[in-house]
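# A closer look at the structure
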Amino acid sequence: MTDAAKTMEKLAALCKLAQEPAQAIRRHNDILVVSHVDADGLTAAAIMCKALERQGINYKPLFFRQLDEAALNLVADQGSDLVVFTDLGSGMINEICERGIRAVVTDHHKPAVCEARPLAHINPHLVGADGATQLSGSGTAFLLASALDPGGNQDLSALAIVGAVGDLQDMASGHLLGLNRQILEIGAKAEALSFSRDIKLFGRQTRPVYKLLEYSQDPYFPGLSGNEDACIAFLKEVGIRLSGEKWRRWIDLEQEEKARIVTALLKKGLRSGVDNAKLERLIGEVYILLAEREGTELRDASEYSTLLNATARYGHADVGLQVCMGDREKALQEAQKLLGEHRQNLVNGLRLVASSGITALKNIQYFDAGDAILDTIVGIVAGMSFQMADRSRPILAFATTPAGDLKVSARGTQDLVRSGLDLADALSHSAHAVGGVGGGHNVAAGATIPPAAKQEFLELMDSAVGKQLCR
Ligand code: C5P
Ligand code: ZN
C-alpha cells in the first residue's frame, strides 16, 4: 500500500471513531470543553466551541496547564452531563473514568495504557499515526467537528492548521504531512487556506524585513542573527529598499527581491560554515489564512500560533479563545499587547540560558531556570536553546511552578527521534518513578515532579534516554 493510501485509511478510521461521539454530542444542550493552554489547545477548543455554537448547543470552555488529578477533580465538580476533552486526556483515561466523567476524549498525545473506556476516544496513535507529526490536537478536534456537521465546518480547518503549526508539526520536514495534509487540502478547497514555498523565518506578515533576519534562529546566521545593524547593512548591500512610507515587511517585497535575499543569505550561510542541512531549513512551506487581513499576525499560521501562546501561557486563554472565535476588536488588541510581552520574555529567557549555560550529562543536557523563566514558556525557551546547544542530546529545562513544584520541559530533534528517542516515554516513566506526572510526544514532552527529586529524576532520564538511543 502506498503512503497516501495508508494515510487515507487512517483518516477514514478516525472519521469512523468520530461518528458515535458526534451523535452523543447532538443529544446534549450543555457541554463542557476542557483543553490545554497552548496554541494547539486553544485552536482545538475554538474548533469545538464553534462547531457546538453552530449546532445551537451551549458550551463552557475550561483550560488547564496539564490534566492532573487536581484538574480532573475540578472537571468532575462541574457536574456536566458530557465533557469534550481537546488536546489532552489520552494520558488520563483511567482517572477520567474513575471519576464517572462522561467523556469524549480528542487528543494527539501518546495514550497511557488503560483498561477503562470513555464514551469515545479519538487519537491518531490509536490508528497507527504519529501524534507529533501527523495530526495535532486541533486537527483531531476538527475531525470531530466535521462529523458533527458533515460537509460543514470546513472553514475551521484554518484553525486546525494554526494548531498543527503551533505544535511545530511542520518543522521536521519543512511542511505538513500525513493527516495534517488532508486537512490542509480540505482548507484549500474551502478557500480558507493557501500554502506555498517561502522563507521560513518568523514575522513575514508583521515585521520589517531586517527584523526577520535579526531574529532568525533556525537557521542561525553568524554575523546577522541578533545584530540589527549588520542585518540592515546586509539588506542594503543586496540592494533592498528598506522602507517606503513604513518599514517594508516580507509581504511588501517583490518576488525578485525575495529571491535575491534568499540567494544572498544562503551564500552568506555557506561562507560562515553553516551546514547544508540547516540552511535547507530556510525555505519551506508557509500557511496563509485567506479570511484574515494581510499584514496581521492572524494571516500567517505561524504568527497566529505565537499570538495565541502569548495569551494562554500567561493565564489569558479566554483572550486567545475569543480571537479564535472571531473577535477582531478588543480581544485581538489585548492579544497583541500580550504578544509584545511574550517576545520580551523569550529574549530574556534565551539570554539567561546563554549566560548561565547548559549542563551536559552522558545522554541528556539540562538547565534550571528556577523562577527566572515562567514554567509555562520554559519549554519554548528549551526548544529555542538548540541554537546554542549540542544537537546530539535532548535538552531538559527546569522551572519552578507557582505552586512550588518543579516543571520539566524536554525537547529533542528529529534526528534523535530517528535514532530511537521517545521523550514522552522517558519522561512519563521517570516522573512517575519519583512521584510526578509526565507525558507528551517523542520529540517534545513535559512533566511535573517534586523539587527534591530533581537529581534522581535526572539520573533516571539520563539512563532512559541512553537506552533509547543505543537500541
Ligand atoms: O509543557 P511543555 O511545553 O514542555 O510540554 C510539551 C508537550 O508535552 C506538550 O504537548 C504537552 O501537552 C505535553 N505534556 C504532557 N504531560 C505533562 C506535561 C506536558 O503530556 N505533564
Ligand atoms: Zn497539542
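What counts and what doesn't
- Residues numbered from 1 in each chain as written.
- Chains lettered and ligands numbered in written order.
- Predicted model: local features only at pLDDT ≥ 70, side-chain atom pairs only at ≥ 80, totals over all residues.
- Heavy atoms only, no water.
- Helix = DSSP H or I, 4+ residues; strand = E, 2+ residues; numbered from the N terminus.
- Rg over C-alpha atoms; globule rule 2.2 N^0.38 Å.
- Buried < 20%, exposed > 50% of the residue type's maximum accessible area, 1.4 Å probe, protein only.
- Contact = heavy atoms within 4.5 Å.
- Areas by Shrake-Rupley, 256 points an atom, 1.4 Å probe, with all protein chains shown as cover.
- Donors = N, O, S within 2.8 Å, 3.2 Å for Na, K, Ca; no water.
- Tetrahedral: all angles 85-135°; square planar, octahedral: opposite > 155°, others 65-115°.
- Pairing = 2+ DSSP bridges.
- Right-handed = clockwise from strand over helix to strand, strands pointing away.
- Domains from an automatic or database assignment.
- Buried area = accessible area lost by both parts, 1.4 Å probe.
- Core = buried A, V, L, I, M, F, W, Y, C linked by side-chain atoms within 4.5 Å.

### Here we look at the overall build of the protein chain
Assigned secondary structure in the protein chain consists of 18 helices and 13 strands. For 471 residues, the compact-globule formula gives about 23 Å, and the C-alpha radius of gyration of the protein chain, at 22 Å, lands near that figure. Burial status across the protein chain gives 55% buried among its 471 residues. Considering only contacts in the protein chain between residues 6 or more positions apart, those separated by 24 or more positions represent 64%. Split by element, the accessible area of the protein chain, about 20,100 Å² in all, is 49% carbon and sulfur.

### Some thoughts on the coordination of the zinc ion (ligand 2)
Surrounding the zinc ion (ligand 2) are the protein donor atoms Asp40 (OD), Asp87 (OD), His108 (NE2) and Asp167 (OD), which sit 2.2 to 2.3 Å from the metal. Around the zinc ion (ligand 2), the 4 donor atoms sit at angles spanning 84 to 166°, and that spread fits a shape best called irregular. The sequence pattern formed by the donor residues of the zinc ion (ligand 2) is D-x46-D-x20-H-x58-D. Note that Asp40 is positioned in helix α2 (residues 39–54) and Asp167 in the loop between α6 (157–166) and α7 (179–189), a separation of 127 residues in sequence.

### Notes on the pairing of strand β4 (residues 103–106)
Alternating positions in β4 separate into two faces, Ala103 and Val105 on one and Val104 and Thr106 on the other, with burial throughout. Sheet topology note: the strand β3 (residues 83–86)/β4 ladder contains 4 bridges and is parallel. When the bridges of β4 are listed, Val83 appears paired with Ala103. Taken together, β3, helix α4 (residues 93–98) and β4 form a β-α-β motif whose crossover is right-handed. Where β4 lies against strand β5 (residues 120–122), 3 bridges are found, and the strand directions are parallel. Looking at the pairing, Val104 lines up with Ala120 of β5.

### As for the domain arrangement of the protein chain
Split into domains, the protein chain comes out as domain 1 (3–192), domain 2 (193–289) and domain 3 (357–470). Contacts between domain 1 and domain 2 engage 17 residues on the former and 10 residues on the latter. The contact between domain 1 and domain 2 buries some 1,000 Å² in all, and 63% of this surface belongs to carbon and sulfur atoms. Among the residues of domain 1 in contact with domain 2, Met171, Leu184 and Ala192 are the three that bury the most area, contributing 36% of the side total.

### Some words on the pairing of strand β1 (residues 30–36)
For β1, a buried count of 6 out of 7 residues is recorded, marking the element as mostly surrounded by other parts of the structure. With 7 bridges connecting them, β1 and strand β2 (residues 58–64) associate as parallel partners. The residue of β2 that forms the bridge with Leu32 is Lys60. Between β1 and its parallel partner β2, the chain crosses via α2, and the hand of that crossover is right-handed. As defined by bridge partners, β1 adjoins β3 across 3 bridges and the pair is classed as parallel. By the bridge assignment, Val34 is partnered in β3 with Phe85.

### Thoughts on the nonpolar core
In this structure, Ile25, Ile31, Ile47, Leu144, Ile161, Tyr304 and Val323 are the most contacted members of the largest nonpolar core, which totals 69 residues. If one sorts the elements of this core by residue count, α2 sits on top with 10 residues. Structurally, this core is a two-domain feature, drawing no fewer than three residues from each of domain 1 (3–192) and domain 2 (193–289). Beyond its immediate stretch of four places on either side in the chain, Leu144 contacts Ala18, Pro21, Ala22, Ile25, Met48, Val84, Val104, Thr106 and Ile122. The next biggest cluster of nonpolar side chains, apart from the first, holds 24 residues, and it includes Ile199, Leu213, Val274 and Leu279.

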